[in-house]
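# Commentary on secondary and tertiary structure
Okay, here's what each chain looks like letter by letter:
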Amino acid sequence: MKISLTSQMLLALLAGCICGLVVSHIGIDPSYFKPLGDIFINLIKMLVVPLVFTTLVAGAAAVGDVSRLGKIAVKSLIYYTVTTVVAVTIGLIVANILQPGSGVELNADAAKAVSVTPPSLLSVFMGIIPTNPVKSMTDGNMLQIIFFAILLGIAVSSLGSKHNHIHQFFDSFAEAMLKLTSMVMMYAPIGVFGLLTYTVGTYGAEVLLPLIKLIAVMFIACIIHILVIYLPCVKYSGVPVKRFLSEMTSTILIAFSSASSAAALSSNLQGVQRLGASKPVSSFMIPLGNTINMDGTAIYMGVCSIFAATFFGIDLTFDKQILIIIIAMLASVGTMGVPGAGVIMISMVFTQVGIPLEAIALIAGIDRVLDMMRTTLNVLGDATGALAVSKAENDMQPMQD
Ligand code: ASP
């Protein structure tokens, strides 16, 4: 009997959870399982820079016309902004209603002051133009790579048919990278198993239980965001919801188990293209969204702000909550797609509205679990965006089997 890769990954998820519980129960060090996951993460990270670079050059060259690229960019940015603002707002509303911070009893030692320095937003935006594109690639600086790749793509297309081979080169290179993604995915079940065993083994029930209400509120807010934003986008694109879910399962599992959007990027790009997202749109929106569109992180900032304010007895007035929406939106743009990035950026929000940074120490213990949820949403939001904008551009392609 042949079990599909997705089913293998789901089984691995289950096996990892069980094994993690057993490991923590009998006292085996869960870090023995970490290398299994690290191999997987490194393999997929190996793909990201060449994949993003080549697909984006080929994508921009295929569009050719700069005004069409501009239209795609404007629609993408509108999608990112609207969905992120809705995300924080949902986080705030759900947390205001369910009050995750009330009745929480944590011992005072948990609340130690922590010092974190988030990067300034200005430096994020000013850093988009690379002075040395090769360095951007070795550093894995996604925004700089995107900037350079789009310009190079436009230049390639303006060279005309005499230089078609350059375009074909990038096209074939991008195809090869997608093929390599499929090859790496063969290892995914073992990777997911290793990641889950390590995570569940490390963050056992004792760590999670005191803050179970916070975890539940985050979960509810994420589900509402999926229902209110993502489902309508999938429906609008014309892709059947069932097909969307089955195609996205492996991407969701990678995001969930690794807590890194960057790790899920290649699988996400492959998935949306199979669902019919246009190549120019998806090769632009998936890497860009991976870096700047983080709905899950935005929800987290909303929920945790209310949590922390209640815990410390701070009154978050209506204008302060509006300020949270604005700052959280900007902070989520500056958050990198790596595990734990959001907990550093949330200090920007806390500082602006006068929540003590000690709150971060309270959340830090369970942050991995919140991170798994928010990363899943961060990645899903990029996928539904690529589908919706492809549809808005009248450029949906036939789905691949
Ligand atoms: N881990 C998240 C991601 O990779 C970012 C965050 O920490 O919020 O998308």
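Up top is the structure.
So, here's what we can say about the structure. Treat the numbers as computed from the prediction; the structure is a model and nothing was measured. (Residues numbered from 1 in each chain as written. Predicted model: local features only at pLDDT ≥ 70, side-chain atom pairs only at ≥ 80, totals over all residues. Heavy atoms only, no water.)

### Topic: the overall build of the protein chain
- In terms of helices and strands, the protein chain carries 18 helices and zero strands.
- In summary, the protein chain has a C-alpha radius of gyration of 21 Å against a globular reference of 21 Å for 401 residues, a match within 12%.
- The dimensions of the protein chain, computed from C-alpha atoms along their principal axes, are 70 × 55 × 40 Å.
- Long-range pairs, those at least 24 residues apart, make up 86% of the contacts in the protein chain between residues at least 6 apart in sequence.
- Working note: accessible area of the protein chain is about 17100 Å², and carbon and sulfur atoms make up 69% of it. (Helix = DSSP H or I, 4+ residues; strand = E, 2+ residues; numbered from the N terminus. Rg over C-alpha atoms; globule rule 2.2 N^0.38 Å. Contact = heavy atoms within 4.5 Å. Areas by Shrake-Rupley, 256 points an atom, 1.4 Å probe, with all protein chains shown as cover.)

### Some details on the packing of aromatic side chains
- Taken as a whole and assessed by the stated rule, the structure comprises nine aromatic pairs.
- Relative to Phe148, the ring of Phe53 has its centre 6.0 Å away and its plane inclined at 0°; by these criteria the two rings are stacked. Linking Phe53 in helix H2 (residues 34-63) with Phe148 in helix H6 (residues 142-158), this pair joins segments that are 95 residues apart in sequence.
- Assessed through its relative accessible area of 13%, Phe53 is described here as buried.
- Phe148 gets classed as partly exposed once you look at its relative accessible area, which sits at 27%.
- Relative to Phe170, the ring of Phe169 has its centre 5.3 Å away and its plane inclined at 75°; by these criteria the two rings are edge-to-face.
- For Phe169, a relative accessible area of 47% translates into the label partly exposed.
- For Phe170, a relative accessible area of 11% gives the class buried.
- Among the aromatic residues, those joined into a cluster by ring pairs are Phe53, Phe148, Phe169, Phe170 and Phe173. (Phe/Tyr/Trp six-rings, centres within 6.5 Å; stacked < 30°, edge-to-face > 60°. Buried < 20%, exposed > 50% of the residue type's maximum accessible area, 1.4 Å probe, protein only.)

### Concerning helix H18 (residues 367-392)
- Taking 1.5 Å of rise per residue, 26 residues should cover 38 Å, and H18 covers 36 Å from first to last C-alpha, within 8% of that figure.
- Counting buried positions over the 26 residues of H18 gives 24, a clear majority of the element.
- Immediately beyond the C-terminal end of H18, within one or two residues, lies Asn394, with a positive phi of roughly 55°. (Expected span 1.5 Å × (residues − 1).)

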